[in-house]
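# Remarks on the overall topology
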Amino acid sequence: MSPPQRERRPRETGDPERLYVLTGGPDGTERAPLDLVTMVVARTEPTPTVQPEQAAILRLCRAPLSVAEISAYLSLPFSVVTALLTDLLATELVESRAPIVRAALPDRSLLEAVMHGLQKL
Amino acid sequence: MDFRNSETITGPRREDVLPTTATAAVKVVIVGGFGVGKTTMVGSVSEIRPLTTEETMTQAGVGVDDNLEGKTATTVAMDFGRISISDELILYLFGTPGQERFWFLWNGLFEGALGAVVLIDTRRLEVSFDVIGRLEERGVPFVVAVNTFPDAPRHPVEALRTALDLPPEVPIVDCDARGRASCRDVLLTLMRYLHSLSL
Ligand SMILES: Nc1nc2c(ncn2[C@@H]2O[C@H](COP(=O)(O)OP(=O)(O)OP(=O)(O)O)[C@@H](O)[C@H]2O)c(=O)[nH]1
Ligand SMILES: [Mg+2]
């Protein structure tokens, strides 16, 4: 029996995904461009002035943690976490490092490092 | 969760705490139709117990009643795992939700990914057709991993390539999503393929 055949989809013109809006984040506020794997590290222990959720982030991020992990450990939606982090970044209570992203020309030494690490698994 | 008592929030287990040097992250996405083994694959290679990030959304406007009670909130979950490549570099693996119309919920889920693994189940090849089209549209390089369920039909690689309408350079490999070594080999295949694209 031969497998079913994939048909190429016509390119979508509209943007049907935008039928949905995020429930979590505050409206109209400027958001830091945080990726799921932006790494976050606290610069201080929780201060008395921060919200409880932000204090929880500061405790979690004594060691580096990705935004995705923060969302998982706090059981908060990604958009809520990015909103909380935007405040913490603005007040310099945490620092962040953007992920290394795919470039037009793949970074060969990066890929070699990943291969080397995987081979040790 | 009661954040007023946030001392009690459980973070990573002691052995899962990253060193302070671990600040460079890369990600790979594992995609495929419903039930092809994405979560299983993430769990097989992750060094941490797989975690889940959620997003909630509300069906918006367009013909929908504007009063808040009429809106239904939906939660979409995505599981992910982690592999420490070195003291500095961490690889994150995301098992994307089967319903690909929700991918947009996570900012940059695909944009910055080094690449993707498309998992397929040859009993239901068609459930992975749509994700392949979406990756092509987004220009995300990918390899195809055939999750070898015991009762699944075996097709020669070239028959699969034709059925999936893939160019000759895209690797198609067999895997067992439950096996750590097998999943690691799929990731290595992806990295070698990405490396070849840079030549
Ligand atoms: N025999 C066999 N079973 C598998 C394999 N991989 C996954 N399964 C089983 O297939 C079922 C679906 O696997 P999941 O990993 O949950 O699939 P998924 O793609 O994450 O599914 P959704 O998130 O619901 O789309 C589970 O019952 C797995 O135990 C495999 O390689 N061999
Ligand atoms: Mg799953």
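The preceding data block contains the structure.
Residues numbered from 1 in each chain as written. Chains lettered and ligands numbered in written order. Predicted model: local features only at pLDDT ≥ 70, side-chain atom pairs only at ≥ 80, totals over all residues. Heavy atoms only, no water.

It is worth spelling out the overall build of chain A at this point. Looking only at helices and strands, one finds 4 helices and 4 strands in chain A. For chain A, the succession of helices and strands along the chain, N to C, is β-β-α-β-α-α-β-α. Counted over contacts in chain A with a minimum sequence separation of 6, partners at least 24 positions apart contribute 62%. (Helix = DSSP H or I, 4+ residues; strand = E, 2+ residues; numbered from the N terminus. Contact = heavy atoms within 4.5 Å.)

A word on the pattern of salt bridges. Residue and element names in this part refer to chain B. All chains considered together, the criterion is met by 14 salt bridges over all chains. Among the salt bridges present, the one from R134 reaches D130, with a minimum N-O distance of 3.7 Å. Taken together, the residues span about one helical turn, with R134 and D130 both in helix 2 (residues 129-138) at a distance of 4 residues. Given a relative accessible area of 10%, R134 falls into the buried group. (Salt bridge = Lys/Arg side-chain N within 4 Å of Asp/Glu carboxyl O. Buried < 20%, exposed > 50% of the residue type's maximum accessible area, 1.4 Å probe, protein only.)

Moving on to the site of ligand 1. All names here are of chain B. Lining the immediate environment of ligand 1, one finds 13 residues, of which G35, K38, T39, T40 and N147 sit closest. In the environment of ligand 1, an oxygen atom lies 3.0 Å from a nitrogen or oxygen atom belonging to the backbone of G37. N147 places a side-chain nitrogen or oxygen 2.6 Å from an oxygen atom of ligand 1. Expressed as a share of its isolated accessible area of 650 Å², the protein-covered part of ligand 1 is 67%. (Near = heavy atom within 4 Å. Polar contact = N/O pair within 3.5 Å; in protein donor to acceptor, adjacent residues only side chain to side chain. Areas by Shrake-Rupley, 256 points an atom, 1.4 Å probe, with all protein chains shown as cover.)

What follows concerns the interface of chain B and chain A. Bring the parts together and some accessible area is lost; that lost area is often taken as the interface size. At the junction of the two partners, chain B supplies 86 residues and chain A supplies 63 residues. Carbon and sulfur atoms supply 62% of the area buried between chain B and chain A, which totals about 6,800 Å² over both sides. It is B:F3, B:F104 and B:H195 in chain B that bury the most area against chain A; as a group they hold 10% of the surface buried on that side. There are 3 salt bridges connecting chain B and chain A. Where B:K27 meets A:D35, a salt bridge forms, and the shortest distance between an N and an O atom there is 2.8 Å. Summed over the shared surface of chain B and chain A, the result is 20 residue pairs in polar contact (both at pLDDT 80 or more). Of all the secondary-structure elements, those providing two or more residues to the side of chain B that touches chain A are strand 1 (24-31), strand 2 (51-59), strand 3 (73-84), strand 4 (89-95), helix 2, helix 3 (157-164) and helix 4 (180-197) of chain B. (Buried area = accessible area lost by both parts, 1.4 Å probe.)

It is worth stressing that arrangement in space is one thing and function is another; only the former is reported here.
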